[in-house]
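# Descriptive structure summary
Listed below, chain by chain, are the residues.
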Amino acid sequence: MSDWKEVYSEILSSYVGRYKEARGNSQLRNEILGEVKLEILKHEPEDSVGLPPHLRVALRMVFLPHLDPKDWDDEIAIIQHILAVTSIRKN
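Let us look at the structure shown here. (Residues numbered from 1 in each chain as written. Predicted model: local features only at pLDDT ≥ 70, side-chain atom pairs only at ≥ 80, totals over all residues. Heavy atoms only, no water.)

### Side note on the packing of helix α3 (residues 26–42) against helix α4 (residues 55–63)
Taken N-terminus to C-terminus, the directions of α3 and α4 make an angle of 110°; their axes are 10 Å apart at the nearest point. By the angle class used here, α3 and α4 are roughly perpendicular. Each of Asn 30, Leu 33, Gly 34, Val 36, Lys 37 and Ile 40 in α3 lies in contact with α4, whose residues at this interface are Leu 55, Arg 56, Leu 59, Arg 60 and Phe 63. Here the contact of α3 with α4 is composed, by residue class, of six nonpolar, two polar and three charged. (Axes fitted to C-alpha atoms, helices over the stretch in contact; angles between N-to-C directions. Helix = DSSP H or I, 4+ residues; strand = E, 2+ residues; numbered from the N terminus. Parallel < 35°, antiparallel > 145°, perpendicular 65-115°, else oblique. Contact = heavy atoms within 4.5 Å. Nonpolar A, V, L, I, M, F, W, Y, C, P; charged D, E, K, R; others polar.)

Take a look at the structure:
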């Protein structure tokens with residue numbers, strides 16, 4: 001099975017700049033994540049690809065190293081919040 005980040009690297013790369021530029025605008029960043037997710041789900045890879053269960057969280061993790069380090073704490077807090085909320089919903 002191929003790594004999803006490699007299979008979708010072109011799509012991911014095409015959104016990094018917009019995501020970075022949306023600094024301080026969590027609503028816009030969330031909209032961009034939605035666009036990326038839809039683009040990935042529309043694309044049919046040639047190889048078998050397993051997508052992560054929390055795709056938006058995984059996308060944030062992919063984009064994180066490209067952000068200004070001043071934004072990392074906020075992004076990590078959002079990621080932790082999403083994971084905590086989804087964990088509570090499962091229980």
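### Quick notes on the pattern of salt bridges
Under the definition given, this model contains seven salt bridges. Its salt-bridge partner being Arg 23, residue Asp 68 comes within 3.6 Å of it at the nearest N-O pair. Linking Asp 68 in the loop between α4 and α5 (69–90) with Arg 23 in the loop between α2 (9–21) and α3, this pair joins segments that are 45 residues apart in sequence. Arg 23 gets classed as partly exposed once you look at its relative accessible area, which sits at 43%. We note a salt bridge from Glu 39 to Lys 42, for which the minimum N-O separation is 3.9 Å. (Salt bridge = Lys/Arg side-chain N within 4 Å of Asp/Glu carboxyl O. Buried < 20%, exposed > 50% of the residue type's maximum accessible area, 1.4 Å probe, protein only.)

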